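Observations on the model geometry
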Amino acid sequence: MRAYVLLVASVAALGGLLFGYDTGVISGAILFISKDFGLATRLQAFTISVVLIGCMAGAASAGAVADRIGRRLTLLVAGLIFLAGALISAFTPDENVLLAGRFVVGIGIGFSSVVAPLYISEVAPAEVRGALVSLYQFAITVGILAAYAVDFAFSAGGQWRWMLGLAVIPSLVLVGGMLVMPESPRYLFKIGNATRARDELARIYADSSESGREEQSIVESLSTKSAGWEALREPSIRLALFIGISLAVLQQITGINTVIYYGPQIFEMAGFTSDSASILAQTLVGAVNCGMTLIAIFFVDRIGRKPLLYIGLAGMFVALAALATAFTQVRLTGSLGPIALGSMMVYVGCFAFSLGPIVWLLISEIFPLRVRGMGMSLSTLANWVGNFAVSQFFLTMVEKLGRSATFWIYASLCIVTIVFVRAMVPETKRELLETIRVDAGGRDAAGA
Ligand code: BGC
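For every chain, the first residue of its written sequence is number 1, and the numbers climb from 1 along that sequence. For a predicted model such as this one, the threshold for reporting local features is a pLDDT of at least 70, and the threshold for listing and counting side-chain atom pairs is 80 or more; totals across whole chains, interfaces and linings nevertheless cover every residue. By convention in this description, side-chain values take in all heavy atoms of the structure and omit both hydrogens and water.

**What to know about a nonpolar patch on the surface**
Judged by side-chain polarity, L294, F298, F299, I303 and I311 come together as a nonpolar surface patch covering roughly 460 Å² of accessible area. With 3 residues, helix α14 (residues 275-299) is the single largest residue contributor to the nonpolar patch. With respect to the helices, strands and loops of the structure, F299 is situated in helix α14. For each residue, the accessible area found with a 1.4 Å probe, counting protein chains only, is set against the maximum for its type, and the residue is called buried under 20%, exposed over 50%, and partly exposed in between. On the basis of relative accessibility, which here comes to 39%, the residue F299 falls in the partly exposed class. Patches draw on residues past 30% relative accessible area with no salt bridge. Two like charges within 9 Å are joined, as are two nonpolar side chains (Val, Leu, Ile, Met, Phe, Trp, Tyr) within 5 Å. Only the protein chains shown count as cover for residues, with accessible areas throughout obtained via the Shrake-Rupley method and a probe of 1.4 Å. By definition, a salt bridge exists where a carboxyl oxygen of Asp or Glu is found within 4 Å of a side-chain nitrogen of Lys or Arg. Here a helix means four or more residues in a row that DSSP labels H or I, a strand means two or more in a row labelled E, and each is numbered from the N terminus.

**Re the site of the ligand**
The immediate surroundings of the ligand are formed by 13 residues, with Q137, Q252, N257, N289 and W360 found nearest. Under this definition, polar contacts are N or O atom pairs within 3.5 Å; protein pairs additionally need one hydrogen-donor-capable and one acceptor-capable atom, and for neighbouring residues in sequence, both atoms have to be side-chain atoms. One of the side-chain N or O atoms of Q137 is found 2.7 Å from an oxygen atom in the ligand. Between an oxygen atom of the ligand and a side-chain N or O atom of Q251, the distance comes to 2.9 Å. Contact with the protein chains hides 100% of the accessible area of the ligand, taken as 310 Å² for the molecule alone. Elements represented by at least two residues in the shell around the ligand include exactly α6 (129-155), α12 (235-253), α17 (355-365) and α18 (372-401). Partitioned by chemical class, the residues of the shell around the ligand number 4 nonpolar, 9 polar and no charged. Put simply, a residue is near a molecule or strand once any heavy atom of it comes within 4 Å of that molecule or strand. Polar here means any residue other than Ala, Val, Leu, Ile, Met, Phe, Trp, Tyr, Cys and Pro, which are nonpolar, and Asp, Glu, Lys and Arg, which are charged; Gly is therefore polar.

**Notes on the pattern of salt bridges**
With the rule as written, the count across this model stands at 13 salt bridges. Where E434 meets R186, a salt bridge forms, and the shortest distance between an N and an O atom there is 2.8 Å. With a gap of 248 residues between them, E434 in the segment after α19 (403-424) and R186 in helix α9 (residues 185-190) connect regions that are remote in the sequence. A single burial state applies to E434 and to R186, both of which are buried. Taking the shortest distance from any N to any O, the salt bridge between R305 and D301 comes out at 3.1 Å. No difference in accessibility class separates R305 from D301, as the two residues are buried. Within this structure, D67, R71, E122, K190 and R372 form a network of salt bridges that share partners.

Right, here's the structure in full:
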């Protein structure tokens, strides 16, 4: 792979780092914010969830912005929004301004969760596209882990302003980086700037016959048919949208963020008595999440998207079923405590090389260029709605249905996801973006 492409993808992946950091950091910071501002429980919960509302707003608008001003500038704007949000939150005089700051941060996350994978998949050569978009997921997990570490480091002094404010550093790097990064060649063709687009393709591919082949397929894909909302009349676009939205929602409703956001509470349910043991276990979860993403980076272009999804989802199912079974006991005595902890690690580890990266990858692949911005925006919006719903209702579900039933629900949704992937999702490994098609048989028309 050319170092140039890796550099471009890495800078864009900083959007993922900020996504992970800014969603993870609040779990530790909220303890001290609540004390300083004397927040009641409801306001506390809102301070946590307002960021997700911002994410929805950002994701809903990002596709249209990326189609209008380009992928590169949209990511640059995302960096500026992250910067503003971090500064407002860190210097806030009161809880209302803090809410505004966190909402702004959410818009940044929403923007980057649409445009970073979109941009990376559009600059990546087909043979390494999976690895490069998985790098984005890797950056999300590094961000989450960094957030846990920063929270831990500043917790002794309760310095929550530092926790929220440190996001300024990656934001500045993202803004600086995007100033010098190239525009996506696909976007350049889309807006009719073929000369610059060809230059970009030549920088991506060492071999001119490859870039020629790619150019031809991009131009062909743009030459016919409608774009924008009008395209929704085409059955294949509606099908792609159905697949994208479903995958995005399934990524969330199989429960990942119960562990990412509520890990310490779940550890307490599993019998951990001290806060520090729970926080340590949570850091371990963060490290497993990060480390296991590397498996996707190495294998997603070799063995393909669907096999990794099957293996990962099967592992998630087994782990959740074990957790649900352990939770049928009122107290997790003897070996049940370690089994519950181990199951959570296996669950997160399996997500990290399958549903985590591959959903972002697939939704950046399955839409034709003329509707890619819109398709990704809607799918990503659905992802944030799913995220919001799960994180809002998790504790209530545990209270009303019980711990065991709650985890059985997530486990069965893993099976639903396997069936869905088998029936509907195309294998996109090493396909040129423009030749990827969806059809109801779950095969790509070009390869089938
Ligand atoms: C998901 C996030 C999740 C993260 C965990 C991402 O792919 O979209 O909701 O928190 O993975 O690593």
